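Architecture at a glance
Single-letter residue listing:
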Amino acid sequence: MSPRQLAYFCMIAECNSMSAAATRLNVSQSALSLQMSALEDELQARLFDRRPRGVELTDQGRALLPRAREILALLEDARIEVQSGAIEPSGVVRLGMAPSMNNAVASELLKQMDRTAPAVDVRLVCGPSQYLWDLLDDGRIDMCLAQSEGALASGYLVRPLLVEELYLVSGKGLARSCLGLTRKNASIEFQRLAGIKLLTTEGVDGLGALIRKVEAQQGIKLDTRPTLGQLMSDLRIITEGEAAMILPWSAVHHLAEDPSLSVTTISSPRLERRIDLISRDAFRNALAERRVAEVIGALGPHLLEKRLVKGRSLWQTSAGAHLSPE
């Protein structure tokens, strides 16, 4: 069983099609079929069932898939570790970020990359999670910081970064007049949010989907309106008292001292979301992408300490991942 056979097997499983996998791998379909036949002969197991519109993993194929991905990842790690001592990472890495993450992470990340890997050109793209998933799927970005739960199929590497607490962000006037919130009120129950106008992203997007899930669980219907598409525009509407929004602290940390803004903890239930670093299994530029991932992971505790983010870090830090001193 060779690495090439395992890589071919994983690509067929991702595409559910021999012809599509052959196109992605830039090999002939007959060569791909021969490699899979040899692998099945060696394992004495049928890995795919042929269907009129492609192929489908058998039980044996489903058992092999996670092991095959693990083996390929270990081989890639070994290659990178051998090369990394002699080769300085360089090239372009296109990184997508949800708007709130961009607000908290972008500046810190670019400073650290300039210090630790100046030959890596990190190009940032900002947008809601759904938009970033589409860009990643089309190959227009290499990785993204966004919510991923239930959104992505196989073929992606998902590394949990942070759990962010979510808050009700409103203008002080709206908070007092409609919700009766004062400085003594530490939190507001989710059910009470039904009485105000809320800006929210689409239901298929990460944060919008989370809010609608909690709505269904609580048996209520919020008065939601679509966002304006830009975080700063939404925050202006909020500070003017026209609407409120459910957001993480990362979206408003720079406005913490703004007297026109109220940031209130939500209870019953408490809301939070997970932010992951998501990339394709197959890297375009493994050394550069790995360095970006290491810096992002090391930033997690730093962001929490500087109160740019509120929540908790989930990153499993690898040996050598660190922040360069200021």
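No experiment lies behind these values; they were computed from the predicted model shown.

Basis of the calculations
For every chain, the first residue of its written sequence is number 1, and the numbers climb from 1 along that sequence. For this predicted model, a pLDDT threshold of at least 70 governs which residues receive local features, and a threshold of 80 or more governs which side-chain atom pairs are given and counted, while totals over whole chains, interfaces and linings are taken from all residues. Each side-chain value is derived from all of the structure's non-hydrogen atoms; neither hydrogens nor water enter the calculation. Only protein atoms enter the 1 Å grid used here, on which a cavity is any set of points holding a 1.4 Å probe that cannot leave and a pocket is any open set flanked by protein within 12 Å on both sides along at least five of seven lines; residues with an atom within 4 Å of a point are listed as lining. Grid points are joined across faces, edges and corners, and a volume is the space filled by probe spheres set on the points. Helix numbering and strand numbering both begin at the N terminus, where a helix is a DSSP run of H or I of at least 4 residues and a strand a DSSP run of E of at least 2. Counted as salt bridges are all cases of a side-chain nitrogen of Lys or Arg within 4 Å of a carboxyl oxygen of Asp or Glu. Exposure categories follow from relative accessible area, calculated using a 1.4 Å probe and restricted to protein chains: below 20% of the type maximum is buried, above 50% is exposed, and the middle band is partly exposed. Here, nonpolar core refers to any group of buried Ala, Val, Leu, Ile, Met, Phe, Trp, Tyr and Cys residues whose side-chain atoms link them within 4.5 Å. The pLDDT value tells you how sure the predictor is about a given residue, anywhere from 0 up to 100. Whether two residues touch is decided by their heavy atoms; if any such pair falls within 4.5 Å, the residues are in contact. With axes taken as lines fitted to C-alpha atoms, and helix axes fitted only over the stretch in contact, angles between N-to-C directions fall between 0 and 180 degrees. Angular relationships are summarised with four words: roughly parallel below 35 degrees, roughly antiparallel beyond 145, roughly perpendicular across 65 to 115, and oblique for the angles in between. The hand of a helix crossing depends on one turn: near helix anticlockwise from the far one by less than a right angle means left-handed, and clockwise means right-handed. Following the grouping adopted for this structure description, the nonpolar residues are Ala, Val, Leu, Ile, Met, Phe, Trp, Tyr, Cys and Pro, the charged ones are Asp, Glu, Lys and Arg, and the polar ones are all others, Gly among them. Note: the arc covers the axis-to-C-beta directions of the helix. Paired rings are identified among Phe, Tyr and Trp, the last through its six-membered ring, by centres lying within 6.5 Å, and are further divided according to the angle between planes into stacked (under 30 degrees), edge-to-face (over 60) and tilted (the rest). For a lysine, the NZ atom is tested; for an arginine, the CZ atom; a charge sits over a ring if that atom is within 6 Å of the ring centre and within 35 degrees of the ring normal. Strand pairing is assigned whenever DSSP identifies at least 2 bridges connecting the two strands.

1. So, the layout of surface pockets
It is the rolling of a water-molecule-sized probe over the atoms that shows where space remains empty. Approximately 560 Å³ is the volume attributed to the second largest pocket. For the lining of the second largest pocket, the element with the highest residue contribution is helix 5 (residues 99-116), accounting for four residues.

2. Observations concerning the pattern of salt bridges
For the structure shown, the criterion picks out 20 salt bridges. Here R46 makes a salt bridge to D49, at a shortest N to O gap of 2.8 Å. Relative accessible area serves as the criterion here: at 48%, R46 is assigned to the partly exposed category. Among the salt bridges present, the one from E294 reaches R290, with a minimum N-O distance of 3.6 Å. You can see E294 and its partner R290 sitting in helix 10 (residues 286-305), four residues apart, about one turn around the helix. Using a relative accessible area of 24% as the deciding quantity, one classes R290 as partly exposed.

3. Let's talk about the nonpolar core
Within the largest apolar cluster, 32 residues are counted, with the highest numbers of intra-cluster contacts made by F190, L193, I246 and L247. Broken down by secondary-structure element, the contributors of at least two residues to this core are strand 6 (156-171), strand 8 (197-200), helix 8 (206-218), helix 9 (231-239), strand 10 (244-248) and strand 11 (261-267). Core analysis: the second largest hydrophobic core is formed by 27 residues, V93, A293, V295 and V309 among them.

4. Comments concerning the confidence of the model for the protein chain
Per-residue confidence for the protein chain averages 85 on the pLDDT scale, and 87% of its residues sit at or above 70. Across residues 318-326, where pLDDT falls below 50, the model places 15 contacts with residues more than four positions away in sequence or in other chains.

5. Quick notes on the packing of helix 1 (residues 3-15) against helix 2 (residues 18-25)
Relative to each other, helix 1 and helix 2 sit at 125°, their axes nearing to 8 Å. Relative to helix 2, the element helix 1 lies oblique. Once helix 1 is placed against helix 2, the crossing between them reads as right-handed. Along its contact with helix 1, which presents Y8, M11, I12, E14 and C15, the element helix 2 presents M18, A20, A21, R24 and L25. Here the contact of helix 1 with helix 2 is composed, by residue class, of eight nonpolar, no polar and two charged.

6. Points about helix 2
Within helix 2, the full set of buried residues consists of M18, A21 and A22. One side of helix 2 holds all its buried residues, which, seen down the axis, span an arc of 100°. Packed against the buried residues of helix 2 are helix 1, helix 3 (29-43) and strand 2 (54-57). Within two residues after helix 2, N26 carries a phi angle of roughly 60°, on the positive side.

7. So, the packing of aromatic side chains
Under the criterion given, the structure shown has two aromatic pairs. Where F9 meets F48, the ring centres are 5.4 Å apart and the plane angle is 55°; that geometry is what we call tilted. Here F9, found in helix 1, pairs with F48, found in strand 1 (residues 48-51); they are 39 residues apart in sequence, far enough to count as distant. Across this residue pair, the class does not change: F9 and F48 are buried. Ring centres of Y167 and W249 lie 6.4 Å apart, and the angle between their planes is 65°; this geometry places the pair in the edge-to-face category. Linking Y167 in strand 6 with W249 in the loop between strand 10 and strand 11, this pair joins segments that are 82 residues apart in sequence. Accessibility classification places Y167 together with W249 in one group, the buried group. Lying over the aromatic face of W249, K310 brings its terminal NZ or CZ to 3.9 Å of the ring centre.

8. What about the pairing of strand 1?
The pairing of strand 1 with strand 2 spans four bridges and is classified as antiparallel. What sits directly across from R50, in strand 2, is V55. As consecutive antiparallel partners, strand 1 and strand 2 are separated by two residues.

9. Thoughts on helix 6 (residues 129-137)
Within the sequence span of helix 6, burial applies to S129, L132, W133, L135 and L136. Looking down the long axis of helix 6, one finds its buried residues gathered within 165° of arc, a one-sided arrangement. Buried positions along helix 6 lie against strand 3 (91-97), strand 4 (120-126), strand 5 (143-146), strand 6, helix 8 and strand 12 (272-280). Of the residues one or two after helix 6, G139 is the one with positive phi, at around 80°.

10. Quick word on unusual backbone geometry
For the peptide bond that leads from S268 to P269, omega is 5°, which places it in the cis range. Checked against the element boundaries, P269 lands in the loop between strand 11 and strand 12. Backbone geometry at N26 places phi at a positive 60°, although glycine is not the residue there. Residue position: N26 is located in the loop between helix 2 and helix 3. Note on N26: relative accessible area 71%, which makes it exposed. Look at Q44: it is not a glycine, yet its phi comes out positive at around 55°.

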